[in-house]
Amino acid sequence: MELEDFADPWEQVRLLQDRARNDALLALLERRAAGARVLEVGTAHGLFACLAAKLGAERVVAVEASPLAATARALVEANGLAGRVEVVEADLLEVDALPGLARGEVDLAFGELLNADPFVEGVVEAMEAAAGWLAPGGHLAPGRLRVSVALVADGSPAEVAGARAEVARLGARGGLVLDPLEALLTPRAPYRSLAPEVTPLAMAPAFTLRLGAGEAPPEETRVRVEAPRALEAGGAAVLFEAELDAGLAWRSGGHFGVLVCGFAAPLRLAAGEAVELRVRVDPADDGIAVEPAR
Ligand SMILES: C[S@@+](CC[C@H](N)C(=O)[O-])C[C@H]1O[C@@H](n2cnc3c(N)ncnc32)[C@H](O)[C@@H]1O
């Protein structure tokens, strides 16, 4: 995802309608903002930076790489918070100095840089940069990312089934022979698609990453998943839990959606049978991909 994509109002509408996401962030600020010097990475509209100030933050610096910084600045001014909330239009990774906050002075650094594939918005690099501003004992949110994989029945994007149904309908109307379209309607697996939610058939943790601690996601890891009953899996879902604070987390689903990696062929497992899944992470390329290792 490119940074300028966030300036699209639909992107902001999508995330702002996600109440579970918003409530987790609000709960974090209710716990941690009072009296704190706060850094928000990627403030976008500026709402949470303003809330942090209203909830008692001593000073808030809200960094936003896209032109949405102007909207955040307008919100700050409309709420009489200029002077306490400073909006900086910049990529935090390229920032050497922040207004009124020195390195080692931030009590709370937070940012929502997640997606169905948790690595495509640069959360690892951004939280690493944010951690560099923290005071000793300062709090980073999210500070931990747990990634799990789950076998799911349907690994194919809903669009494929939809396109097949439409082609069949149109073909029937003209009595067409459709065989030459078969390859076109069979996207090359493995492919990745987005589901709003998934029902895991079997699930296992893949890895946990501490953010802001110099850790990088493993390039490749193997995960053993055991079928609790006989099942056929068409793909694997990637599920994340991003820990904001004790008992407070953002999870896949909601506006994030769930990343599903379709398998080249369905996987049939007997009850109790295990399969090894290969989980590859390449944030610079496609992000996470999961496929059977055998
Ligand atoms: C998912 S939006 C979150 C908006 C808002 N903080 C919220 O939670 O509602 C992420 C925002 O972070 C910004 N962003 C991403 N990486 C950044 C970086 N390294 N430095 C500054 N802003 C960044 C994007 O432009 C985008 O507006």
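A quick note: this is a predicted structure, and the numbers were derived from the prediction, not measured.

K.L.:
Hey, could you run me through the sheet that holds strand β5 (residues 134-141) in this one?
P.N.:
Two modes of strand pairing occur in sheets, parallel and antiparallel, and in both the strands are linked by backbone hydrogen bonds. Strand order across the open sheet formed by five strands is β3-β2-β1-β4-β5, with parallel pairing between neighbours. A single partner strand is all that each edge strand has here, and the edge strands are β3 (85-89) and β5. When the angles between neighbouring strand axes are averaged without regard to direction, this sheet yields 20°. Note: strand β2 (residues 59-64) against β3, five bridges, orientation parallel. Within β3, the position partnered with V61 by the bridge is E86.

K.L.:
Before we go on, may I ask you to explain the packing of aromatic side chains in this structure?
P.N.:
To describe a pair of aromatic rings, one takes the distance between the centres and the angle between the planes. In the structure shown here, the tally under the stated rule is two aromatic pairs. Between the aromatic rings of F119 and F207, the centroid separation amounts to 6.1 Å while the plane-to-plane angle is 20°, which identifies the pairing as stacked. In this pair, F119 is assigned in the loop between β4 (106-110) and α5 (123-131) and F207 in strand β8 (residues 202-210), connecting sequence segments 88 residues apart. Here F119 and F207 have matching classes, each one buried. Plain terms: the ring middles of F240 and F256 are 5.3 Å apart, the flat faces sit at 75° to each other, and that makes the pair edge-to-face. Here F240 is found in strand β10 (residues 231-245), whereas its partner F256 is found in the loop between β11 (248-251) and β12 (258-269), with 16 residues between them in sequence. One cation-aromatic arrangement involves R103 over W133; the distance from NZ or CZ to the ring centre is 4.2 Å.

K.L.:
In this structure, what is going on with the sheet that holds strand β14 (residues 287-292)? I would like to understand it.
P.N.:
What the three strands build is an open sheet, ordered β9-β13-β14; its pairing is antiparallel. One side of each edge strand has no neighbouring strand; the edge strands of this open sheet are β9 (220-226) and β14. Ignoring which end each strand starts from, the neighbouring axes of this sheet average 25° apart. Bridge analysis of strand β13 (residues 274-282) against β14 gives six bridges, and the strand direction is antiparallel. In the sheet register, V281 faces β14, and the bridge partner there is I288.

Quick notes on the rules
Residues numbered from 1 in each chain as written. Predicted model: local features only at pLDDT ≥ 70, side-chain atom pairs only at ≥ 80, totals over all residues. Heavy atoms only, no water. Pairing = 2+ DSSP bridges. Helix = DSSP H or I, 4+ residues; strand = E, 2+ residues; numbered from the N terminus. Axes fitted to C-alpha atoms, helices over the stretch in contact; angles between N-to-C directions. Phe/Tyr/Trp six-rings, centres within 6.5 Å; stacked < 30°, edge-to-face > 60°. Buried < 20%, exposed > 50% of the residue type's maximum accessible area, 1.4 Å probe, protein only. Lys NZ or Arg CZ within 6 Å of the ring centre and 35° of its normal.

Read these as layout, nothing more, since geometry by itself doesn't imply function.
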